Amino acid sequence: MQNTNQLPESERCEKFKLFTRSSIADIFEGFQSFRNNKAFCDVKLETEDKKIVHAHKVVLSLASPYFNIMFTNRAENKSDLVVMRQIDSSALQLLVDFIYSDKILLTVNNAQIIIDEVLLPSANLLQLQDVKEACCDFLLSQLCPSNCIGINALADLHSSTKLIKSSELYIHQHFPEVFGGDEFLFLSSEQVIKLISSDKLTAPSEEKVFESVIHWVKYELGSRKCILPHLMEHVHLALTSKGYILKKVALNSLESGELIPQSIWNKPRHGDKVILVAGRSETKSIYSSEWYNPKIKQWSLGPELIRARRRHSLAITNDNLVFVAGGHHCRRSIIKTVDVLDLSSESLCWQPNINMMLFERLFLGIGVINNNIYAVGGYNYRDNHLDSAEVFDYRTQKWCMISNMTTTRTYFGVGVMNDLLYAVGGYDHSALASNTAECYNPIVDVWKPLTNMCVGRTFPGVGVLYGELYVVGGSDGPNFLKTVEKYTPSTGAWTTVADMNLGRKNAGVVALDGFLYAVGGVNKTIGLDSMET
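All of these numbers come straight from a predicted model, not from anything done at the bench. (Residues numbered from 1 in each chain as written. Predicted model: local features only at pLDDT ≥ 70, side-chain atom pairs only at ≥ 80, totals over all residues. Heavy atoms only, no water.)

Draft legend 1. Structural detail: the nonpolar core. Counting residues in each nonpolar core, the largest one holds 63 residues, and the members touching the most others are Leu45, Leu60, Phe67, Met84 and Phe175. Top contributing element to this core by residue count: helix α4 (residues 89-101), with 8 residues. Once residues within four sequence positions are removed from consideration, leucine 60 is found in contact with Val43, Leu45, Ala55, Phe67, Phe71, Val96 and Ile99. (Core = buried A, V, L, I, M, F, W, Y, C linked by side-chain atoms within 4.5 Å. Buried < 20%, exposed > 50% of the residue type's maximum accessible area, 1.4 Å probe, protein only. Helix = DSSP H or I, 4+ residues; strand = E, 2+ residues; numbered from the N terminus. Contact = heavy atoms within 4.5 Å.)

Draft legend 2. Representation of a nonpolar patch on the surface within the structure. The grouping of Ile52, Leu81 and Val83 at the surface amounts to a nonpolar patch, some 210 Å² of accessible area in total. Within the secondary structure, isoleucine 52 sits in strand β2 (residues 52-55). A residue is classified by how much of its surface remains accessible, and isoleucine 52, at 35% relative accessible area, is partly exposed. (Patch = residues over 30% accessible without salt bridge, like charges linked within 9 Å, V, L, I, M, F, W, Y side chains within 5 Å. Areas by Shrake-Rupley, 256 points an atom, 1.4 Å probe, with all protein chains shown as cover. Salt bridge = Lys/Arg side-chain N within 4 Å of Asp/Glu carboxyl O.)

Draft legend 3. Quick peek at the layout of surface pockets. The space that makes up the second largest pocket amounts to roughly 390 Å³. What lines the second largest pocket is a set of 13 residues, among which Asn152, Glu168, Ile171, Gln191 and Lys194 lie closest to the centre. Of all elements in the fold, only α7 (148-157), α8 (161-173) and α11 (189-196) reach the threshold of two or more residues within the lining of the second largest pocket. Of the residues belonging to the lining of the second largest pocket, the class tally is 6 nonpolar, 4 polar and 3 charged. (1 Å grid on protein atoms, 1.4 Å probe; cavity = no way out; pocket = protein on both sides within 12 Å on 5 of 7 lines; lining within 4 Å. Points joined across faces, edges and corners; volume = space filled by probe spheres on them. Nonpolar A, V, L, I, M, F, W, Y, C, P; charged D, E, K, R; others polar.)

Draft legend 4. Representation of the sheet that holds strand β15 (residues 389-393) in the model. Pairing is antiparallel across the open sheet formed by 4 strands, whose spatial order is β11-β12-β15-β16. In the strand order of this sheet, the two ends are held by β11 (365-369) and β16 (398-402), each with one partner. When the angles between neighbouring strand axes are averaged without regard to direction, this sheet yields 25 degrees. As paired strands, β15 and β16 are joined by 5 bridges and run antiparallel to one another. Bridge assignment links alanine 389 to a residue of β16, and that residue is isoleucine 402. (Pairing = 2+ DSSP bridges. Axes fitted to C-alpha atoms, helices over the stretch in contact; angles between N-to-C directions.)

Draft legend 5. Representation of the sheet that holds strand β1 (residues 43-47) within the structure. In space, the 3 strands of this open sheet follow the order β2-β1-β3, with mixed pairing throughout. Every interior strand has two partners, whereas the edge strands, β2 and β3 (81-84), have only one. Strand-to-strand, the axes of this sheet are offset by a mean angle of 25 degrees, without reference to chain direction. In terms of strand pairing, β1 meets β2 through 4 bridges, oriented antiparallel. Residue leucine 45 lies in a different strand from β2, and its bridge partner there is valine 53. Against the sheet, α4 engages β1, β2 and β3, with an angle of about 15 degrees to β2.

Draft legend 6. Region of interest: the packing of aromatic side chains. One pass over the structure, following the stated rule, counts 15 aromatic pairs. Consider the rings of phenylalanine 67 and phenylalanine 71, whose centres lie 5.8 Å apart with planes at 5 degrees: the pair is stacked. Highlighted residues: phenylalanine 67 and phenylalanine 71, both in helix α3 (residues 65-73), separated by 4 residues, approximately one helical turn. Neither phenylalanine 67 nor phenylalanine 71 differs from the other in exposure class; each is buried. Plain terms: the ring middles of phenylalanine 175 and phenylalanine 184 are 6.4 Å apart, the flat faces sit at 80 degrees to each other, and that makes the pair edge-to-face. (Phe/Tyr/Trp six-rings, centres within 6.5 Å; stacked < 30°, edge-to-face > 60°.)

See the structure below:
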């Protein structure tokens, strides 16, 4: 039966929202007017200096969890007078004004002193998060070498995570200027150790870190001299030049003798960009690793590998995790194991990674895109020359297969540019050095052939500099090449550039600080320990 009470669609009444002129802002403006006239005020806040601030309990409770608890569960709920001994009268007045008006007016020139010594501690006490964040943002804008240590201590005192991290980063990045200021001299020994031991410290040279330690110790020489040996354990003197050690360290009466520990930590800091090599050489153990610091133009020994490797590949993720993959232990033992070195660790040592590659690979190519490690091509005794490729997903910590290359490749080079993986040269199906190249797009899982190189190359080095892919040296069969060519993505063309000084195959190539470095390699039957840029 039809409902006769139901109106036709066209005759139904539309629903309207009813708006009034009043708003939250209007209400608080009214409360502010009441407070100015001391009307309906039900609480007086008295500070240590006997100053009185009139207010309404309900307004204070709405804005501040501190007041909400006070007026809900404590004796102050029944009292019209509350003594606030932990807060300055000027800060209380400013904060109550903020609660009513959503504004804080500072009309004095020393705003930072009011904020860090008065306003921030009080806002933290009353749990006024908006004010606390505004104070921290203001202090963040005022960071400079002369106040960053004090601001960091203030942030730590009031548990401001954002300001703590930002001020720590500022201290690390401006260390040479910071240690020249007065605040540095008043740090405790524990604070100095925490600062100079950080691998995120950015200093133009390790000499500056050494000088900062001596500067701090000499300020109160009598009480601090005994701490120097402990401090020196965190100075990487092995990364300073030999001449500096002889002139500035060994001949300085304060630092000489038994005050300097015999073992000097030579780990590079996070702020130092270094070149790392690892594995087989003609003159060193096949377990060895070492790195080159271009700031001081010096090589230093690194931690030994946990297993012997030859003909493997290296990759780095997150700027601090180095992976070594594949290769072989001995002539007939090709491996798929992966080891990792954490450069941010306090003690540098290689560790086995439980996640092995899916294929054993010798003379493989490795590249990193978005912290995922791509292992491609190479050789093993089961499948011979490989066109297969796999990826280590950094998020899931698992290896999985991806699309095969367009051809098998061994003794080839790999580079990463613009989130694409490039494979160039090597041996393919023929016994000739290949001049072919291809690139892999991980988004669509597709390999795409590129224009052929100018020269066929096996064992080429590959580096990326200023958005162009450089292929360096290698061998064309009988000859060890010193020629270099580059690929420009915008034109899709290869062009030759200046030759190296020496013909090199299997050289390590890396771009660093605007230079392209060719490291080591082989020339005829001789292993090279030289490097050129």
